[in-house]
Amino acid sequence: MLDSARRVVVFTGAGISTESGIPDFRGPGGTWARVQPIMFQDFVSSAEARREAWRRRFDSEPVMRAAQPNRGHRAVALLVRQGKASAVITQNIDGLHQASGVPEAQVIELHGNSTYAHCLDCGKRYEIGALRAAFERDGEVPGCVACGGLVKTATISFGQAMPENAMERARRETLAADLFVVLGSSLVVYPAAGFPEVAKRNGARLVIVNRQETPLDDLADLVVHHGIGEVMGGAVGVN
Ligand SMILES: [Zn+2]
């Protein structure tokens, strides 16, 4: 299918990054099974919720920093470099597709990115390390130096609107694809999980590689319940 495809779109979820040591927050035994997510409205309205959100983010820093792209990321990057894949749509917030060499312009992040922060009002970017130093000194992350707005990791939280620009780009790429490859997504979170359905309805072939079954397995042309690095590395010849 990869050989005969003209334009591939790759859609990735947590399963591709668990192979890099990043826990699947939604999966069985994942962090969210034990810890309540912090809703966007609470982050905006409560200083204590903001402190808790930042504590969790800084606690996760050693894992995030240690994570490197794995064989699955490298296989995807090769497909992009070859011009075979036009875009990578991802639910992940770890920046590992960019780290594996996929140009920023070809990564579409539906849930944002946790490797940096930004001002919720003016969008000014902040680095995690600097915010951590301020947090450890003052017990909170300061407001935006430019406008005084709240600074938050550049992720999309529960209760926060999906990023319109990313959603629109993802929709366009999906409609232009003749092969849609899902890697490591359980395909249960909408609206993100709607993209494979759109691709299929539009005549593209659909491949799903995921360790567990997904609700869209019956719709797919090919389903592989196996590790992503091994399947995709083997498929494109990357170690
Ligand atoms: Zn600002």
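What counts, and at which threshold
Residues numbered from 1 in each chain as written. Predicted model: local features only at pLDDT ≥ 70, side-chain atom pairs only at ≥ 80, totals over all residues. Heavy atoms only, no water. Donors = N, O, S within 2.8 Å, 3.2 Å for Na, K, Ca; no water. Tetrahedral: all angles 85-135°; square planar, octahedral: opposite > 155°, others 65-115°. Helix = DSSP H or I, 4+ residues; strand = E, 2+ residues; numbered from the N terminus. UniProt positions renumbered as here; feature names shortened; annotations may be inferred. Contact = heavy atoms within 4.5 Å. Phe/Tyr/Trp six-rings, centres within 6.5 Å; stacked < 30°, edge-to-face > 60°. Buried < 20%, exposed > 50% of the residue type's maximum accessible area, 1.4 Å probe, protein only. Salt bridge = Lys/Arg side-chain N within 4 Å of Asp/Glu carboxyl O. Axes fitted to C-alpha atoms, helices over the stretch in contact; angles between N-to-C directions. Left-handed = near helix turned anticlockwise from the far one by under 90°. Nonpolar A, V, L, I, M, F, W, Y, C, P; charged D, E, K, R; others polar.

Per an unreviewed UniProt entry, the protein is named protein acetyllysine N-acetyltransferase, and its organism is Neoroseomonas eburnea.

S.K.: Would you mind showing me how to read the coordination of the zinc ion here?
M.R.: Metal coordination angles have textbook ideals: 109.5 degrees for a tetrahedral set of four donors and 90 or 180 degrees for an octahedral set of six. Surrounding the zinc ion are the protein donor atoms Cys119 (SG), Cys122 (SG), Cys144 (SG) and Cys147 (SG), which sit 2.3 to 2.4 Å from the metal. Given four donor atoms and angles of 96 to 118° at the metal, the environment of the zinc ion is assigned as tetrahedral. Here the donor residues of the zinc ion are spaced in sequence according to C-x2-C-x21-C-x2-C. One end of the pair, Cys122, is in the loop between β4 (112-119) and β5 (125-127); the other, Cys147, is in the loop between α8 (128-138) and β6 (151-155), and 25 residues separate them in sequence.

S.K.: Mind showing me how you'd approach the UniProt feature "binding site: Zn(2+)" (unreviewed entry) in the protein here?
M.R.: Taking the UniProt record as the reference, the feature "binding site: Zn(2+)" (unreviewed entry) is found at Cys119, Cys122, Cys144 and Cys147. Spanning 29 residues, the named residues nonetheless gather at one spot, since no C-alpha pair among them exceeds 8.5 Å. Along the polypeptide, Cys119 turns up in strand β4. Excluding residues within four positions of it along the chain, Cys119 makes contact with Lys124, Tyr126, Cys144, Cys147, Gly149, Leu150 and Val151.

S.K.: Any chance you could explain the packing of aromatic side chains here in plain terms?
M.R.: Each aromatic ring pair is summarised here by two numbers: the centre-to-centre distance and the angle between the ring planes. Applying the stated criterion across every chain yields a total of three aromatic pairs. Relative to Phe58, the ring of Trp54 lies with its centre 5.3 Å away and its plane at 25°, an arrangement referred to as stacked. With Trp54 and Phe58 both in helix α4 (residues 47-59) and four residues apart, this pair spans about one turn of that helix. Judged by relative accessible area, Trp54 falls into the buried class, the value being 3%.

S.K.: Can you help me understand the pattern of salt bridges in this one?
M.R.: Enumeration according to the criterion identifies 14 salt bridges in this entry. Arg125 is the partner of Glu127 in a salt bridge, and the nearest nitrogen-oxygen pair spans 2.7 Å. Between Arg132 and Glu136 there is a salt bridge, and its shortest N-O distance comes to 3.0 Å. Of the two residues, Arg132 and Glu136 are both situated in helix α8; the distance of four residues between them amounts to about one turn of the helix. Note on Glu136: relative accessible area 58%, which makes it exposed. What emerges from the salt-bridge pattern is a single network uniting Glu48, Arg51, Glu52, Arg55 and Arg56.

S.K.: Got a minute to help me understand the packing of helix α6 (residues 71-81) against helix α11 (residues 228-236) in this structure?
M.R.: Axes are the key here: two packed helices are described by the angle between their axes and the distance separating the axes. Viewed as axis vectors pointing N to C, α6 and α11 meet at an angle of 35°, and their least axial separation amounts to 7 Å. The two elements α6 and α11 meet at a crossing, and its hand is left-handed. Contact residues: Arg71, Gly72, Ala75, Leu78 and Leu79 in α6; Ile228, Gly229, Glu230, Met232, Gly233, Gly234 and Val236 in α11. Tallied by class, residues from the contact of α6 with α11 come to six nonpolar, four polar and two charged.

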